[in-house]
Amino acid sequence: MLITSAALIPLVGALLLTVVRGVASRVVAMLASLGSLGIAIAMAVLFNPGQGMQFTELHQWIPQIDAYYSLGVDGIGLSLVLLTAILTPLVLLYAFTENFREDQLGERAFLALALAVEGFSLYVFTATDVLLFYLFFEATLIPMFFLIGGFGGAQRRYAAIKFLLYSLTSGLVMLAAVIGVYINSQNSGHGTFLLSDLMNMNLGTNTERLLFVGFMIAFAVKAPMVPVHTWLPDAAENTTPGGAVMMVAIMDKIGTFGMFRFALGLFPNAAEWATPVVIVLAVISIIYGALAALAQGNLMRLVAYTSVSHFGFIVLGLFALTPTSVAGANLYMFNHGISTAALFLLVGYLMKRRGSAEIADFGGVQKVAPVLAGFLLIAGLSSLSLPGLAPFVSEFGVLAGTWTNYPWAAGISAIAMVLAALYIMRMYKRTMTGLPSDEVKEKVSELSMAERWIIVPLLALLLVLGVYPTPLTRVLNPDSEQAVTFVEKATNHEAVAPAAQPESTTISLGGAR
């Protein structure tokens, strides 16, 4: 019941916030998020790498269609559970320091919605029944819609509706694919939504390809990939920094997680067929996202476009389908979440002080707020994957692994590393260096001690995992290698036991196992 407890605690906390007011609402929200974090840490301590799904729960849910309340985590799911549980309390603490306007829904609503996103996301990362996964996949849209539309900038309602239309439309396509999976499982003798059973399902070539496309459309929108990415910059610009963290650092991981768990796991032959197109789209996302970030004058949109580029790296690693690239992509999901959360929250502190997110409104901040400037520099350097900071290991793994099968894709994508240095250092130079204007001197102040303690855990993780990624890689590598072995056997038409481990393994990233 560990997984159920971890997911239900924040959802129950969100419900309690509808009746609890004042300081008590902060206490309830923090206790709920910390309770979930405690369970996630316990799961990480008890987890046995390389042993498949663990902490499993299986209860019949809808007998008429053989749907189950089925949960479990492998190394990849566990890393995203930890990411979600780590970031949510920090987002809540950030909300305690934010001044909500009268035209916004208010602090208590924000806390409840953030907890709802956490609880639904934890269910998505642990669901091993396709129907259950789909329901929570769609459920995340509800609190996220209100986090965008109820807070943030002048265009927040437009951004929220655009987000919802993109997500709902692609989700309906995925629903058709989910139904198609169930119908085809009936044709195989036993209708089921269980992932473990569906991985042994025999599908015709055209059927498998159609179902794969149905799932991939929804995952590409959520990820987000070019050309279905345009909702993200608008949503990021028009929500609060805390809301942007819940959206980009946590919820958008559902897209790449879904590609790994379902697109590759259920449709390996179709994935091989579609790989050339997906690789091209991933490379386009990498380069386009970096170039778009370079052209931005708004800090929130800049960070959003960096994420378009980074998600392209994750997709590239997944579909290059080597042990190193897949392990690098899965590690990238965690590292990107930490790095992007730090950037969004620091940008939020700048916006709160200056009253603007426009780069042109800053300059010389390091002279009036050196600690804030130093923290932003570390977060920015992590975003450009500087060696010694966590994202470098994952980005290097993606490129090194991709080079084996697609050297042209790795070579073109490496250009983004140069572009990243340009857009991060350009942003830092224009906002932090030079002489401060009168407005900056008057309005921008140093981080308070409470604000520093919100950012310090994120920077500490970036530094520690940059030099010692083994705690994560030893969890991620076995399942990444198993996924590659599964797809290779399936595409070679060999008998596959999905839960089996490879007879011999190699070191993918980090230390030996």
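Residues numbered from 1 in each chain as written. Predicted model: local features only at pLDDT ≥ 70, side-chain atom pairs only at ≥ 80, totals over all residues. Heavy atoms only, no water.

Under the annotation held in an unreviewed UniProt entry, the protein carries the name NADH-quinone oxidoreductase subunit M and is attributed to Lawsonella clevelandensis. If you open the UniProt record of the protein and go to Sequence similarities (unreviewed entry), you find "Belongs to the complex I subunit 4 family." (UniProt positions renumbered as here; feature names shortened; annotations may be inferred.)

(A) Structural view of the packing of aromatic side chains. Evaluated as defined, the whole model comprises 19 aromatic pairs. Ring centres of Phe133 and Phe219 lie 6.2 Å apart, and the angle between their planes is 75 degrees; on these two criteria the pair is classed as edge-to-face. Placement of Phe133 in helix 5 (residues 130-139) and of Phe219 in helix 9 (residues 205-222) is noted, with a sequence separation of 86 residues between them. As far as burial versus exposure is concerned, Phe133 and Phe219 are alike and both buried. Measuring from centroid to centroid gives 4.3 Å for Phe133 and Phe262, while their planes differ by 40 degrees, and the two rings are tilted. Taken together, the residues span a long stretch of sequence, with Phe133 in helix 5 and Phe262 in helix 12 (residues 253-266) at a distance of 129 residues. (Phe/Tyr/Trp six-rings, centres within 6.5 Å; stacked < 30°, edge-to-face > 60°. Helix = DSSP H or I, 4+ residues; strand = E, 2+ residues; numbered from the N terminus. Buried < 20%, exposed > 50% of the residue type's maximum accessible area, 1.4 Å probe, protein only.)

(B) Seen up close, the nonpolar core. Counting residues in each nonpolar core, the largest one holds 193 residues, and the members touching the most others are Phe133, Phe215, Met247 and Phe319. No other element matches the 16 residues that helix 15 (residues 323-354) contributes to this core. In contact with Phe319, not counting residues within four places along its chain, are Phe212, Met216, Met259, Leu264, Ala271, Thr275, Val278, Ile279 and Tyr406. (Core = buried A, V, L, I, M, F, W, Y, C linked by side-chain atoms within 4.5 Å. Contact = heavy atoms within 4.5 Å.)

(C) Quick peek at the UniProt feature "domain: NADH:quinone oxidoreductase/Mrp antiporter transmembrane" (unreviewed entry) in the protein. Here the UniProt-annotated "domain: NADH:quinone oxidoreductase/Mrp antiporter transmembrane" (unreviewed entry) positions come out as residues 127-411. Strand forms 0% of residues 127-411 and helix 79%; the C-alpha atoms that close the span are 36 Å apart.

(D) Representation of the pattern of salt bridges within the structure. Under the definition given, this model contains 7 salt bridges. For Glu107, the salt bridge is made with Arg26, and the minimal N-O distance between the two is 2.9 Å. Taken together, the positions of Glu107 in helix 4 (residues 107-126) and Arg26 in helix 2 (residues 23-46) put the pair 81 residues apart, joining distant regions of the chain. The exposure class assigned to Glu107 is buried, which follows from its relative accessible area of 18%. Ionic pairing is found between Glu237 and Arg301, a salt bridge with its closest N-O pair at 2.9 Å. With Glu237 in helix 10 (residues 231-237) and Arg301 in helix 14 (residues 299-320), this pair connects stretches of sequence that are 64 residues apart. For Arg301, a relative accessible area of 17% corresponds to the buried category. Here the salt bridges share partners, and the residues they tie into one network are Lys162, Asp234, Glu237 and Arg301. (Salt bridge = Lys/Arg side-chain N within 4 Å of Asp/Glu carboxyl O.)

(E) Focus on unusual backbone geometry. Omega for the peptide link from Ala223 to Pro224 comes to -5 degrees, which places this bond in the cis form. Position of Pro224 among the secondary structure elements: in the loop between helix 9 and helix 10. A cis geometry characterises the amide bond from Val226 onward to Pro227, with omega recorded as 15 degrees. Located in the positive-phi region is Leu321, a residue other than glycine, with phi close to 55 degrees. Locating Leu321 in the fold gives a position in the loop between helix 14 and helix 15.

(F) Representation of the environment of Gly380 in the model. If you trace the backbone, Gly380 turns up in helix 17 (residues 370-383). The spacing of Gly380 and Tyr428 is 48 residues in sequence and 8.1 Å in space, taken between C-alpha atoms. Leave out the neighbours within four places in its chain, and Gly380 touches Leu343 and Ile424.

(G) Representation of the pairing of strand 1 (residues 54-62) in the model. In this structure, strand 1 lies alongside strand 2 (residues 67-73), joined through 6 bridges in antiparallel fashion. For Gln60, the partnering residue across the bridge sits in strand 2 and is Tyr68. Turn length for the strand 1-strand 2 hairpin, with the two strands adjacent in sequence and antiparallel, is 4 residues, and the turn residue Asp66 shows positive phi of about 60 degrees. (Pairing = 2+ DSSP bridges.)

(H) Representation of the environment of Pro10 within the structure. For Pro10, the position within the fold is in helix 1 (residues 2-16). It is 9.7 Å that separates the C-alpha atoms of Pro10 and Thr88, two residues lying 78 residues apart in sequence. For Pro10, the residues in contact, after removing those within four places along its chain, are Ala32, Ser36, Leu115, Glu118 and Gly119.

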